[in-house]
Amino acid sequence: LNNPSSPSLFPKDYVVEFQKCLDSTEPLEWRVIKRVIENEIGPISKNFASIDEKPLASASIAQVHAAKLRTGEDVVIKVQKPRIDESLKADLSFIYVASRILEFIQPDFERTSLSAIAGDIRGSMLEELDFQKEAQNLEEFRRFLIENQLHNEATAPLVYGEYTTKKVLTMERLRGVSLLDKESIAKITNDPEKAIVTALNVWTTSVMTMPWFHADVHAGNLLVLNDGRVGFIDFGIVGRVGEKTFKAVNELSVALAVGDYEGMALALSNMGATDEEVDVKSFGEDIKKVITKLGQVQPDLDAIGMSDGTVQGSLNFDEEEITNVLLEMVEVTENNGLKLPREFGLLVKQSLYFDRYLKILAPELDIMSDARVGGFGGEQINGASPETKEPSELVIDV
């Protein structure tokens, strides 16, 4: 199942528009959110010492508020916006019906399984309106960290189950700075490179050993905490990779690291479905153009005025560049007669995020020779080895 904002199913213009649906939106008034919280878990005064009425963030499906439990713990509350389930059901049902009509009018569309894809998207998005599923993801990730002796290096929010329902998710508040805030990271640790290496190793190990992986590792969801650990937040988007795709991605990573473009083409050919023979040499030349373009993308330097009158610099990058590079890769692949599995786009997009972070935080780091880095194409981490993967699946949320 695919995320409409990931670039492996829909045309480029549609993907860019879908991406906007996942961006921040105007928050709802506090009285509306308060009603949802009290309908789900009872009077606020009974469970919380305080709740900040101004949200920390607001997106299409939910908004997040800082709070303090009566027992003293700092938490954040993710609250589902009222009637969003009805809106999604209506919109997604319309898309499904429209796809069936298209298949009837134009039989060629049947070969694309358009209605099946639309049906899968509908089922998955409606399922994800149940915040208890995200709570389960958080608990499984925390257990994964402990089982792999990674809990001293990374963490995820603790879920407060007694204050969590299908429409309200209450979890520990992690305090830290964005993975891209190099100056603030330097105040926490004298080894900023370690932060990105840790994040990359933990994420890669999860892909190799867990039934699913965190599939939205943009900088807002990766924090360097005040105690030096890396914090992973927002487990609304998770993906599952089939064994065939996992093996091909590993081959692709090795070829990418040594600049073997024909090897990359062969790995993608082994991963994709095709009715015709692929010209690996020509395909490799096309891939080389995309990779060369990726290497030319540089981080942006933003100047930020501080309250004391000083100016600080901040390195950043345009997330749309990540999407555009992936779109070009998908387009090149399809132009060479291949149809890649839908989960591939999601997995590679996360890898591109990490490529950007490495360029910002560790520009001199050689991931293939640095002993601190493990994972795809390299040494296994903590003895991890890929398990047999379940059929590909994607769960979608804000």
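Structural data are supplied above this passage.
Described in the following lines is the structure provided in the data block.

Conventions we followed
- Residues numbered from 1 in each chain as written.
- Predicted model: local features only at pLDDT ≥ 70, side-chain atom pairs only at ≥ 80, totals over all residues.
- Heavy atoms only, no water.
- Patch = residues over 30% accessible without salt bridge, like charges linked within 9 Å, V, L, I, M, F, W, Y side chains within 5 Å.
- Areas by Shrake-Rupley, 256 points an atom, 1.4 Å probe, with all protein chains shown as cover.
- Salt bridge = Lys/Arg side-chain N within 4 Å of Asp/Glu carboxyl O.
- Lys, Arg positive; Asp, Glu negative; His and termini not counted.
- Charge placed at Lys NZ, Arg CZ, Asp CG, Glu CD.
- Helix = DSSP H or I, 4+ residues; strand = E, 2+ residues; numbered from the N terminus.
- Buried < 20%, exposed > 50% of the residue type's maximum accessible area, 1.4 Å probe, protein only.
- Polar contact = N/O pair within 3.5 Å; in protein donor to acceptor, adjacent residues only side chain to side chain.
- Contact = heavy atoms within 4.5 Å.
- Axes fitted to C-alpha atoms, helices over the stretch in contact; angles between N-to-C directions.
- Parallel < 35°, antiparallel > 145°, perpendicular 65-115°, else oblique.
- Nonpolar A, V, L, I, M, F, W, Y, C, P; charged D, E, K, R; others polar.
- Pairing = 2+ DSSP bridges.
- Core = buried A, V, L, I, M, F, W, Y, C linked by side-chain atoms within 4.5 Å.
- Expected span 1.5 Å × (residues − 1).

On the surface, a cluster of negative charge is contributed by Asp260, Glu262, Glu277, Asp279 and Glu285. As for its position among the elements, Glu262 is in helix H10 (residues 261-271). Assessed through its relative accessible area of 41%, Glu262 is described here as partly exposed.

Before going further, it helps to spend a moment on the side chain of Asn336. Positionally, Asn336 belongs in the loop between helix H12 (319-335) and helix H13 (342-361). For Asn336, the side chain forms a polar contact with the side chain of Asp286, separated by 3.1 Å. In this view, Asn336 contacts Val278, Asp279, Ser282, Phe283 and Asp286; residues no more than four positions away in its chain are not counted.

Inspection of every chain in the model, using the stated rule, returns 7 salt bridges. One salt bridge in this structure joins Arg31 and Glu29, with 2.7 Å as the shortest N-O distance. Classification of Arg31 as exposed rests on a relative accessible area of 51%. The shortest N-O distance in the salt bridge between Arg142 and Glu172 comes to 3.9 Å. Here Arg142 is found in helix H6 (residues 131-147), whereas its partner Glu172 is found in strand E6 (residues 168-172), with 30 residues between them in sequence. The partly exposed category is assigned to Arg142, whose relative accessible area is 26%. Here the salt bridges share partners, and the residues they tie into one network are Lys68, Asp74 and Arg175.

This part is about unusual backbone geometry. The phi dihedral of Gln149 falls on the positive side, at around 50°, and the residue is not glycine. Position of Gln149 among the secondary structure elements: in the loop between H6 and strand E5 (154-155). On the basis of relative accessible area, Gln149 is assigned to the exposed category, the value being 56%. Even without being glycine, Asp234 reaches a positive phi, approximately 60°. Examined against the element boundaries, Asp234 turns out to sit in the loop between strand E10 (230-232) and strand E11 (238-240).

Right, let's talk about the environment of Ile33 for a bit. Inspection of the secondary structure assignment puts Ile33 in helix H2 (residues 30-41). Ile33 sits in the buried class, given a relative accessible area of 0%. Among residues more than four places away in sequence, those in contact with Ile33 are Leu28, Gln63, His65 and Val79.

Attention now goes to the packing of H6 against helix H8 (residues 192-209). Following both chains from N to C, one finds H6 and H8 inclined at 100°, their axes separated by 11 Å at the closest point. By the angle between their axes, H6 is roughly perpendicular relative to H8. Side by side, H6 and H8 meet where Phe141, Phe144 and Leu145 of the first sit next to Val202, Thr205, Ser206 and Thr209 of the second. Of the residues in the contact of H6 with H8, the class split is 4 nonpolar, 3 polar and no charged.

If you trace the backbone, His65 turns up in strand E3 (residues 62-69). A polar atom in the side chain of His65 sits 3.0 Å from the side chain of Gln63. Not counting residues within four places of it along the chain, the set of residues in contact with His65 comprises Trp30, Ile33, Ile51, Asp52, Glu53, Lys54, Pro55, Leu56, Val75, Val76 and Ile77.

Before going further, it helps to spend a moment on the pairing of strand E4 (residues 74-80). In terms of burial, E4 is largely enclosed, as 6 of its 7 residues are buried. Relative to E4, E3 runs antiparallel, the two sharing 7 bridges. Paired with Ala67 across the bridge in E4 is Val75. Hairpin connection, E3 to E4: the antiparallel pair is bridged by 4 residues, and Gly72 has positive phi, about 105°. Two strands pair when backbone bridges link them, and E4 and E6 are joined in this way by 5 bridges, in the antiparallel orientation. Opposite Val79, over in E6, you have Val168 as the bridge partner.

Orientation of helix H9 (residues 243-257) relative to H10, taken along the N-to-C sense of each, is 175°, at an axis distance of 8 Å. Classified by the angle their axes make, H9 and H10 are roughly antiparallel. Along the contact surface, H9 presents Lys244, Thr245, Ala248, Val249, Glu251, Leu252, Ala255 and Leu256, while H10 presents Gly263, Met264, Ala267, Leu268, Asn270 and Met271. For the contact of H9 with H10, a count of residues per class yields 9 nonpolar, 3 polar and 2 charged.

One finds Phe141, Phe232, Phe344, Phe354 and Tyr357 to be the most contacted residues of the largest nonpolar core, which totals 78 residues. In terms of residue count, the dominant contributor to this core is H13 (11 residues). Judged by nonpolar contacts, the second largest core, of 16 residues, contains Leu69, Val79, Tyr160 and Val168.

Next up on the list: H8. Counted at 1.5 Å a residue, the expected span for H8 with its 18 residues is 26 Å, and the 26 Å between its end C-alpha atoms agrees. Where burial is concerned, most of H8 is hidden: 16 out of the 18 residues are buried.

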